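Here is what each chain is made of, one letter per residue.
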Amino acid sequence: MRSLIILIAVFAIGIGVWFLLRDDGVIEQVTEARVEQALLDNGVPVNLSECMAEKLVDRLSIGQLLKLERLAPEEGEESVPRSAGAALTRLRRVDDNEAVEQVVRIAGRCSIDLIGPIF
C-alpha cells in the first residue's frame, strides 16, 4: 500500500513538472508575459513587444533574459539612449553577446513582419 502511494505521488509530481516545463507551459507563459511587460515598460510598441517576447523566450535561457534586464535605464539615464556611447554602455552591462545579438535579430525580424509585404 505504501509503495502504491509513493508511486502515485511520484507520478503526480512528474505530471506537474511536465505541465510547468512543456512548450507553452506555465513557466514559459509567465516568462513571456514578463519579457513583454519589460519591453512595453521601455517604450517598445505593443505589437512589437508581443512578437519579440515570444521569440526571445524561445531562443534565450532564463539566465540570458535576466541579463537583458541590465539594458534598462539606471538612475540618471534617459529611457532611450540618445547617443552611441550611452547605448554601448548599456550593452556592456549585459555582458552576453549572444543575448544582445538575438535581441537585435529578433527586433529586426519582428519589425519586418509587422510592416508586412512591401509589394
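Everything numeric in this text was worked out from a predicted model, so none of it was measured.

1. Some points on the confidence of the model for the protein chain
Detail in the predicted coordinates should be disregarded across regions flagged by low pLDDT.
Stage number 1. Confidence along the protein chain averages 77 in pLDDT terms, with 72% of residues attaining 70 or more.
Stage number 2. Averaged over each element, pLDDT in the protein chain is lowest for helix α1 (residues 2-21) (55) and highest for helix α3 (residues 46-59) (91).

2. What about the state of the cysteines?
Stage number 1. Using the criterion set out here, one finds one disulfide in the structure.
Stage number 2. Disulfide pairing is shown between C51 and C110; the S-S distance is 2.0 Å. Torsion about the S-S bond of the C51 and C110 cystine: about -80°, corresponding to left-handed handedness. Highlighted residues: C51 in helix α3 and C110 in helix α6 (residues 97-115), separated in sequence by 59 residues. For the pair C51 and C110, one class covers both residues: buried.

3. Describing the nonpolar core
Stage number 1. Core analysis: the biggest nonpolar cluster contains 18 residues, and V35, L39, M52, L56, L65 and L68 have the highest contact counts within it.
Stage number 2. Among the elements of the structure, α2 (26-41), α3, α4 (62-68) and α6 are those that each provide at least two residues to this core.
Stage number 3. Not counting residues up to four positions away in its chain, the partners in contact with L65 are T31, V35, L56, V57 and L60.

4. Digging into the pattern of salt bridges
Stage number 1. Tallied over the full model, the rule gives seven salt bridges.
Stage number 2. Here K67 and D96 are joined by a salt bridge, their closest N and O atoms 3.6 Å apart. A residue pair is termed long-range when its members are at least 10 positions apart, and K67 in helix α4 and D96 in the loop between α5 (84-94) and α6 qualify at 29 residues.
Stage number 3. Since its relative accessible area comes to 28%, K67 is described here as partly exposed.
Stage number 4. A salt bridge links D113 to R109; the nearest nitrogen and oxygen atoms lie 3.3 Å apart. Of the two residues, D113 and R109 are both situated in helix α6; the distance of four residues between them amounts to about one turn of the helix.

5. Observations regarding α5
Stage number 1. Buried within α5 are the following residues: R90, R93 and V94. Down the axis of α5, the buried set is contained in an arc of 110°. They therefore lie on one face. Residues of α5 that are exposed and point more than 90 degrees away from the buried face comprise A84 and R92.
Stage number 2. Just beyond α5, the residue with positive phi is D95, at close to 55°.

6. Re α6
Stage number 1. For α6, spanning 19 residues, the distance from its first C-alpha to its last is 27 Å, which sits close to the expected 27 Å at 1.5 Å a residue.
Stage number 2. Along α6, the residues classified as buried are A99, V100, Q102, V103, I106 and C110. All buried residues of α6 project into a common sector of 155° when viewed along the axis, lining one side. Projecting away from the buried face of α6 at angles above 90 degrees are the exposed residues N97, V104, R105, I112 and I115.
Stage number 3. On its buried side, α6 packs onto α3, α4 and α5.
Stage number 4. The backbone nitrogen of E98 has a side-chain oxygen 3.2 Å away, supplied by the residue at the start of α6, namely D96.
Stage number 5. Directly after α6, the chain includes G116, whose backbone phi takes a positive value near 85°.

Reading guide: rules and limits
- Residues numbered from 1 in each chain as written.
- Predicted model: local features only at pLDDT ≥ 70, side-chain atom pairs only at ≥ 80, totals over all residues.
- Heavy atoms only, no water.
- pLDDT = per-residue confidence, 0-100.
- Helix = DSSP H or I, 4+ residues; strand = E, 2+ residues; numbered from the N terminus.
- Disulfide = S-S within 2.5 Å.
- Buried < 20%, exposed > 50% of the residue type's maximum accessible area, 1.4 Å probe, protein only.
- Core = buried A, V, L, I, M, F, W, Y, C linked by side-chain atoms within 4.5 Å.
- Contact = heavy atoms within 4.5 Å.
- Salt bridge = Lys/Arg side-chain N within 4 Å of Asp/Glu carboxyl O.
- Arc of directions from axis to C-beta.
- Expected span 1.5 Å × (residues − 1).
- Polar contact = N/O pair within 3.5 Å; in protein donor to acceptor, adjacent residues only side chain to side chain.

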